[in-house]
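Residue-level listing of the chains:
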Amino acid sequence: MFKLKKDLFQKVPETLACAIFLVVILLLQQCTSQAKSGKLMNGDLLFVTAKDTGLSGAINNVTQKQKEASFDHIGIVEKENNHWYVLHAAPKGGSQKQDMTSFLKDQADDGQKVMIYRLKPEYQQSIPAALKKAESMIGKPYNFNYILDDNSYYCSDYIERAFRDNHIFKLEPMTFIDPQTGKTNEFWTEFYKKKNLDVPEGQPGCNPNGLAASEKLERIGEL
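What you are looking at is a predicted structure, and each value in this text was computed from that prediction instead of being measured. (Residues numbered from 1 in each chain as written. Predicted model: local features only at pLDDT ≥ 70, side-chain atom pairs only at ≥ 80, totals over all residues. Heavy atoms only, no water.)

**Looking at the environment of Leu 55**
1) Next: On the secondary structure map, Leu 55 appears in helix 2 (residues 54–63).
2) Next: The class of Leu 55 is partly exposed, set by a relative accessible area of 29%.
3) Next: Ignoring sequence-local partners within four residues, the contact set of Leu 55 consists of Tyr 146, Phe 187 and Trp 188. (Helix = DSSP H or I, 4+ residues; strand = E, 2+ residues; numbered from the N terminus. Buried < 20%, exposed > 50% of the residue type's maximum accessible area, 1.4 Å probe, protein only. Contact = heavy atoms within 4.5 Å.)

Following this line, the structure appears as structure tokens:
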């Protein structure tokens, strides 16, 4: 009997240590999550880093403007009832309001990072109207042609429209020219050929890299 009690008491410190360790891990995870959320402000823009291949690589190939910035997707942050959401237009789901956790998981699953950009103080007043506009566009399908259409949107188009009334971003002539060759990028030639469309070279549009280069934004850090 005595030996049984002694063994029991010897195991208690080990059990207690394990419990304390688990509590510390959970607290660290919570603090990390809160620290990430603490970086965010309502109306922040989330830019998703581009991949090197496929559609992502093709977009970046003809649009990259900054050596240190390479993006293929963008969304706007909205905090509602103490909960974070990302409003964005994506191939899967079209224009949508996605839970932040789900959004970040989607990017992590694809091996892509998320960078936070913020409107400079003098432009912050445009955020409420932009979020209202973004909400009104939810439910529209994704624009797979990347040619401006009032009934469907691609990611940067969705954000540009949200801020359009306050002239935060501007449409520019699109280019599909590979800067290395000076010719239309082969990906885009085949892309539009399959759709029986001409490459929309020079037509008005926008892209994530172009929006990220705006002087009205400042880069906050990685989420």
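**Describing the packing of helix 4 (residues 127–136) against helix 5 (residues 155–162)**
1) Next: For the pair helix 4 and helix 5, the least separation of the axes is 8 Å and the interaxial angle reads 130 degrees. Looking at the two axes, helix 4 sits oblique to helix 5. Contacts between helix 4 and helix 5 involve Ala 129, Ala 130, Lys 133, Ala 134 and Glu 135 on the former and, on the latter, Tyr 158, Arg 161 and Ala 162. (Axes fitted to C-alpha atoms, helices over the stretch in contact; angles between N-to-C directions. Parallel < 35°, antiparallel > 145°, perpendicular 65-115°, else oblique.)

**As for the sheet that holds strand 1 (residues 45–49)**
1) Next: On the basis of which strands lie adjacent, the open sheet formed by 6 strands has the order 4-3-2-1-5-8 and antiparallel pairing. With one partner strand each, in any of the chains shown, strand 4 (94–99) and strand 8 (217–222) form the two edges of the open sheet. Each adjacent strand pair in this sheet contributes to an overall mean axis angle of 30 degrees, direction not counted.
2) Next: Summarising the sheet, strand 3 (residues 83–90) and strand 4 pair through 6 bridges and their orientation is antiparallel. Residue pairing across strands places Ala 89 opposite Ser 95, the latter belonging to strand 4.
3) Next: Packed onto the sheet, helix 4 meets strand 2 (71–80), strand 3, strand 4 and strand 5 (114–119) and runs at close to 105 degrees relative to strand 2.
4) Next: Across the face of the sheet, helix 5 comes into contact with strand 1, strand 2, strand 3 and strand 4 while running at roughly 45 degrees to strand 2. (Pairing = 2+ DSSP bridges.)

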